[in-house]
Amino acid sequence: HAADEIYGYSNKEALAMNIMSIVPDSEKPNYDAMIGRLRMGEPLKSFETKRKAKDGRVLDVWLTVTALKNEDGKITAIANTERDITQRKKLEEELTSSKEQAELYLDLMCHDISNMHQIIRGQLEMAKDILDTDCKLEADDKKLIDTSLQTLERSSKLIDNVRKLQNLGSCVIPKEVIDLDELLASVIKE
């Protein structure tokens, strides 16, 4: 039943065929090496490999191989248990691709927002300098510019925190020296 469901061979066809019929050419050297290890008495762990269906599709399978021995310890047969994991592998690849795409978008967003912040910060600082120089800056006006600059600074820190979280998720955590007094002072200030 499984041979029909997974590989497309009827029960009669499956019983009459050689196992090598479903081993793709690219996997035959690995299969031969696996049989050699079994003959040497080496136990095998389950592993992923490829198999070929009747219609020519190449499937990803989880393979467990066991050598069956007689009373004298001589190998009389080899039993394979194969589970089709093609769909799982496809979903894993899609998930990896989606993660990479999301990280790219996050990188682009952080980069572009940081660039916009730099432009705004520069313009606000120039406006503040001009107004300070010409003595036309009222206290309320200065407060508006200072508040805008502080908001941009907090936004920049938010972008840095998002990047740190992204690096944490990908296990890329750069080592750095942190001044705890400065960190605690900024937390208290916030």
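Please read these numbers as outputs of a predicted model, since none were measured by experiment.

*Asks:* How would you sum up the pairing of strand 2 (residues 58–69)? Please name residues and give values.
*Replies:* If a strand is regular, its side chains alternate between the two faces of the sheet. With six bridges joining them, strand 1 (residues 47–52) and strand 2 adopt antiparallel strand pairing. Counted as the bridge partner of K52 is V58 from strand 2. What sits between the antiparallel neighbours strand 1 and strand 2 is a turn of five residues, in which G56 has the positive phi angle 95°. Alignment of strand 2 against strand 3 (residues 75–84), held across nine bridges, turns out to be antiparallel. When the sheet's bridge partners are listed, K69 is paired in strand 3 with I75.

*Asks:* Outline the pattern of salt bridges, supporting the account with residue identities and numerical values.
*Replies:* One pass over the full model with this rule turns up 11 salt bridges. The residue K90 makes a salt bridge to E94 at a minimum N-O spacing of 4.0 Å. With K90 and E94 both in helix 4 (residues 86–133) and four residues apart, the pair spans about one turn of that helix. Put simply, E48, R88, K89 and E92 are held in one network by salt bridges that share partners.

*Asks:* Help me get a handle on helix 3 (residues 28–39), residues and values and all.
*Replies:* Over its 12 residues, helix 3 extends 17 Å from the first C-alpha to the last, a length consistent with the 16 Å expected when each residue adds 1.5 Å. Those residues of helix 3 lying buried are Y31, M34, I35 and L38. Viewed end-on, helix 3 has its buried residues packed into an arc of 100°, placing them on one side of the element. Immediately beyond the C-terminal end of helix 3, within one or two residues, lies G41, with a positive phi of roughly 90°.

*Asks:* Requested: an account of the sheet that holds strand 3, with residues and values cited.
*Replies:* One open sheet holds the three strands; their spatial order is 1-2-3, and the pairing between them is antiparallel. Looking at strand neighbours, the two that pair on one side only are strand 1 and strand 3, the edges of this open sheet. For this sheet, the mean inter-axis angle between neighbouring strands, taken without regard to orientation, is 50°. Packed on one face of the sheet, helix 3 meets strand 1, strand 2 and strand 3 and runs near 135° to strand 3. The strands touched by helix 4 within the sheet are strand 1, strand 2 and strand 3, with strand 2 carrying the most contacts at an inclination of about 130°.

*Asks:* Describe in detail helix 4, supporting the description with residues and values.
*Replies:* Side chains of residues three or four places apart in an α-helix project in the same direction, reflecting 3.6 residues per turn. Between its first and last C-alpha atoms helix 4 spans 70 Å; for 48 residues at 1.5 Å apiece the expected length is 70 Å, and the two agree. Turning to helix 4, its buried residues number three or more, namely K89, C110, H117, R121 and L124.

Definitions and cut-offs
- Along each chain, residue indices are assigned from 1 in the same order as the chain's sequence is written.
- Owing to the predicted nature of the model, reporting of local features is limited to residues with pLDDT of at least 70; listing and counting of side-chain atom pairs is limited to 80 or more, with chain, interface and lining totals taken over all residues.
- To obtain the side-chain values, all non-hydrogen atoms of the structure were used and water was disregarded.
- For two strands to count as paired, DSSP must find a minimum of two bridges between them.
- Secondary structure counts use DSSP, requiring at least four H or I residues in a row for a helix and at least two E residues in a row for a strand, with both numbered from the N terminus.
- Salt bridge, as used here, is a side-chain nitrogen of Lys or Arg placed within 4 Å of a carboxyl oxygen of Asp or Glu.
- Here the expected span of a helix is defined as 1.5 Å times the quantity of residues minus one.
- When accessible area is computed with a 1.4 Å probe and restricted to protein chains, residues below 20% of their type maximum are described as buried, those above 50% as exposed, and intermediate ones as partly exposed.
- Think of it as the arc spanned by the lines of direction from the helix axis to the C-beta atoms.
- The axes used here are C-alpha line fits, helices contributing only the stretch in contact, and every angle between their N-to-C directions lies in the interval 0 to 180 degrees.
- Residue contacts are defined here by distance: any two heavy atoms, one from each residue, within 4.5 Å place the two residues in contact.

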